[in-house]
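One-letter residues, chain by chain:
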Number of protein chains: 2
Amino acid sequence: MSDSRPIGVFDSGIGGLTVVKALQEILPNEEIFYLGDTARVPYGNKSAETVERYSLELAGMLIREKAKVIVVACNTVSSVSIPKLRASVSVPVIGVIEPGAQAAVAITRNRHIGVIGTRATIRSGAYENALRALNVHVQVSSQPCPLLVPLIEEGLLNDKLTDQAIARYLGPIISNGIDTLVLGCTHYPLLAPAIGRALGSDIKLVDSARNCAVAVRNLLDRQSLRAASSAKGKLQVALTDSADNFLNVARDALNLDIGDVELRTLS
Amino acid sequence: MSDSRPIGVFDSGIGGLTVVKALQEILPNEEIFYLGDTARVPYGNKSAETVERYSLELAGMLIREKAKVIVVACNTVSSVSIPKLRASVSVPVIGVIEPGAQAAVAITRNRHIGVIGTRATIRSGAYENALRALNVHVQVSSQPCPLLVPLIEEGLLNDKLTDQAIARYLGPIISNGIDTLVLGCTHYPLLAPAIGRALGSDIKLVDSARNCAVAVRNLLDRQSLRAASSAKGKLQVALTDSADNFLNVARDALNLDIGDVELRTLS
């Protein structure tokens, strides 16, 4: 039995393409429909109510594309909107927080885990809650890193300015004694080399994009929703505003094959 | 004759409060209604069509507040939406570009003017067109500075990171030989000290917020729209999403007296 409907993925903008990349590597036969809300990006400094309202709209658009599962490729949305999304759509919804938290708890040795993300994600306490739900003895050091998204979107992936911002943000939580760091924003895998340099070899990185893709594969297997193994995977990208510079940055850094980008105007 | 209706001011977010500050200094008797679209901020990397659509919505909201004039306290909006706004509302509309261009042409000695702003403002060529319309012999060196808004919104007004970003952006246009620099983004007056340090004393700064306020005063005088000189000016602030950290940064840096902030949900 196979299911040829697309995996629906949405994000506040372009950053969620790191999840698409991870999905393509793990699920090469799947069709992916990606929707990025570039007309209202970024969500990271916006209120929970506003983020929830936007994400319900985007999920509705993916349902109209016949998505068989909805992947929330955005930590900010995952941290505040998953319960409302699950209540409002009839297909499974997978976010990035739970899978990242599970991977971090499996990796840590000293039970001290760092989490970095946008202001909204960190303020929500979503990672802290998810980590503690898995292991009450885990200690969590969180740090909002609001400048990293703009630096990434400018393509400054290997740049002195970015290295300085990373050093400033990570210094305190490294001193706290973490042995594992969760990249709690789907933009951040693009900075994995720079963040790795700042951390040194003793601290392990947990990439929430990759762990989310693994969770999607497990779900498709459990519910017999995989595409036929003979199917040729494909990617369709739709944005709510014309793409800016960052689409080129992401495409190049992730080596993604993106065809024509559709424009979907929000009502 | 006097007119007690408010001056309506709108911006993509909080940055336009620099224009409010300048208006208060020049027009202390006026009531000001400020509307910031924090639910969709920033506009600087969005398309002209989307920025135009958003700005028509915001202007409509100000008209319902009985604004006697609409001040577009945002360079990105001013650079793309002024003609459509003027065609669609019945009160005068003043942007920040024309007044800034007039001041720059009056100040320059060597007729070589620099302009910094968001990607959308610079891409629009609006300053270049306005400057050339005033003096065909003017040479313009433009530079988009996309990282300055996030740095300002983080409150890093006097910070090594910000100084480095400024040096990187301004280096090339200083070398080009400008003698005047237009701050073509209403956020940038908050960086006037840092930008001044980078420029040295030979290059003059043109603050588009201040010049916009002067243009508003001249318009009110011409059309007999000033409030009574006995009136006590007041400021009302409404935002389309709950205020984040940057409202505090702006309030402190500008020494503004902001009471309760209203929330206006977009339809």
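Residues numbered from 1 in each chain as written. Chains lettered and ligands numbered in written order. Predicted model: local features only at pLDDT ≥ 70, side-chain atom pairs only at ≥ 80, totals over all residues.

**Looking at the overall build of chain A**
- Scanning chain A from N- to C-terminus turns up 11 helices and 10 strands.
- Whereas a compact globule of 267 residues would reach a radius of gyration of roughly 18 Å, chain A reaches 17 Å, a difference of no more than 12%.
- The buried share among the 267 residues of chain A stands at 52%.
- Of the contacts formed within chain A by residues at least 6 apart in sequence, a portion of 78% connects residues at least 24 apart. (Helix = DSSP H or I, 4+ residues; strand = E, 2+ residues; numbered from the N terminus. Rg over C-alpha atoms; globule rule 2.2 N^0.38 Å. Buried ≥ 20, exposed ≤ 12 C-beta atoms within 10 Å, placed from the backbone. Contact = placed C-beta atoms within 7 Å.)

**Re the sheet that holds strand β7 (residues 180-183) of chain A**
Residues and elements named next belong to chain A.
- Read from one edge to the other, the open sheet built from 4 strands follows the order β6-β5-β7-β8, with strand pairing classed as parallel. Pairing within the sheet leaves two strands with one partner each, and these edge strands are β6 (139-144) and β8 (204-207). On average, each strand axis in the sheet is inclined to that of its neighbour by 25°, with strand direction left out of account.
- Here 4 bridges tie strand β5 (residues 112-117) to β7, and the two strands are oriented parallel to one another. In the strand pairing of β7, I116 is matched with L183.
- Those strands touched by helix α6 (residues 126-134) are β5, β6 and β7, and its axis lies near 165° from that of β6. (Pairing = 2+ DSSP bridges. Axes fitted to C-alpha atoms, helices over the stretch in contact; angles between N-to-C directions.)

**Points about the domain arrangement of chain A**
Residue and element names in this part refer to chain A.
- Considered domain by domain, chain A is made up of domain 1 (7-95 + 210-263) and domain 2 (97-209).
- A straight line from the C-alpha centre of domain 1 to that of domain 2 covers 21 Å.
- The partner domain 2 presents 27 residues to the 29 residues of domain 1 that form the contact.
- Broken down by secondary-structure element, the contributors of at least two residues to the side of domain 1 that touches domain 2 are α1 (17-26), α3 (75-88), α10 (208-222) and α11 (245-254).
- Residue composition of the side of domain 1 that touches domain 2, by class: 15 nonpolar, 11 polar and 3 charged. (Domains from an automatic or database assignment. Nonpolar A, V, L, I, M, F, W, Y, C, P; charged D, E, K, R; others polar.)

**Considering the relation of the copies chain B and chain A**
- Mapping chain B onto chain A calls for a screw motion: a turn of 180° about the axis and a shift of 0.0 Å along it, with 0.0 Å RMSD after fitting. Such a combination of rotation and displacement between the chain copies is what one expects of a two-fold axis. Within chain B, R40(B) has its C-alpha nearest the rotation axis, a separation of 2.4 Å.
- Comparing interface residues between copies, 100% of those in chain B also lie at the interface in chain A; the contact surface is shared. (Least-squares fit on C-alpha atoms with pLDDT ≥ 70 in both.)

**A few points about the pairing of β7(A)**
Residue and element names in this part refer to chain A.
- Along β7, one buried face is formed by T180 and V182 and the opposite face, lined by L181 and L183, is buried too.
- As judged from the 4 bridges shared by β7 and β8, these two strands associate in the parallel manner. When the bridges of β8 are listed, L183 appears paired with D207.
- For the crossover that starts at β7, traverses helix α9 (residues 192-199) and ends in the parallel β8, the hand is right-handed. (Right-handed = clockwise from strand over helix to strand, strands pointing away.)

**Some points on the sheet that holds strand β3 (residues 69-72) of chain B**
Residue and element names in this part refer to chain B.
- The sheet built from 6 strands is open, its strands ordered β4-β3-β1-β2-β9-β10 with parallel pairing. A strand with exactly one partner marks an edge of an open sheet, and here the two such strands are β4 (93-94) and β10 (261-263).
- Relative to β3, strand β1 (residues 7-11) runs parallel, the two sharing 4 bridges. Bridge pairing in β3 links F10 to V72.
- The strands touched by helix α3 (residues 75-88) are β3 and β4; relative to β3, the strand with the most contacts, the crossing angle is about 155°.

**Digging into α10(A)**
- In this model, α10(A) (15 residues) spans 21 Å end to end at C-alpha, consistent with the 21 Å of a helix rising 1.5 Å per residue.
- Directly after α10(A), the chain includes S224(A), whose backbone phi takes a positive value near 50°. (Expected span 1.5 Å × (residues − 1).)

**A short note on the interface of chain B and chain A**
- Contacts between chain B and chain A engage 16 residues on the former and 16 residues on the latter.
- Per element, the largest residue contribution to the side of chain B that touches chain A is 3 residues, and it comes from helix α8 (residues 160-175) of chain B.
- Classifying every residue of the side of chain B that touches chain A by side-chain character gives 6 nonpolar, 5 polar and 5 charged.

**Observations concerning the packing of helix α4 (residues 97-107) of chain A against α6(A)**
All names here are of chain A.
- Between α4 and α6, whose axes approach to 9 Å, the crossing angle comes to 50°. The orientation of α4 relative to α6 falls into the category oblique. Relative to α6, α4 is oriented so that their crossing is right-handed. Between α4, through I97, E98, A101, Q102, A104 and V105, and α6, the contact on the second element is made entirely by A126, Y127, A130, L131 and L134.
- Considering only residue class, the contact of α4 with α6 consists of 9 nonpolar, 1 polar and 1 charged. (Parallel < 35°, antiparallel > 145°, perpendicular 65-115°, else oblique. Left-handed = near helix turned anticlockwise from the far one by under 90°.)

**What about the environment of L205(A)?**
Residue and element names in this part refer to chain A.
- Note that L205 resides in strand β8.
- Distance in space between the C-alpha atoms of L205 and L181 is 5.0 Å, their sequence separation being 24 residues.
- If sequence neighbours within four positions are ignored, L205 has contacts with L181, L183, A192, I195, G196 and L199.

**Concerning the environment of L266(A)**
Residues and elements named next belong to chain A.
- Here L266 shows up in the segment after β10 (261-263).
- Taking the C-alpha atoms as reference, L266 lies 38 Å from Q164; in sequence the two are 102 residues apart.
- Discounting chain neighbours no more than four positions away, the residues touching L266 are A39, E57 and T240.

**Looking at the packing of helix α4 (residues 97-107) of chain B against helix α10 (residues 208-222) of chain B**
All names here are of chain B.
- Viewed as axis vectors pointing N to C, α4 and α10 meet at an angle of 105°, and their least axial separation amounts to 8 Å. Comparing their axes, α10 and α4 come out roughly perpendicular. Packed against α4, whose contacting residues are P99, G100 and A103, the element α10 presents S208, N211, C212, V214 and A215 at the interface.
- Split by residue class, the contact of α4 with α10 holds 5 nonpolar, 3 polar and no charged.

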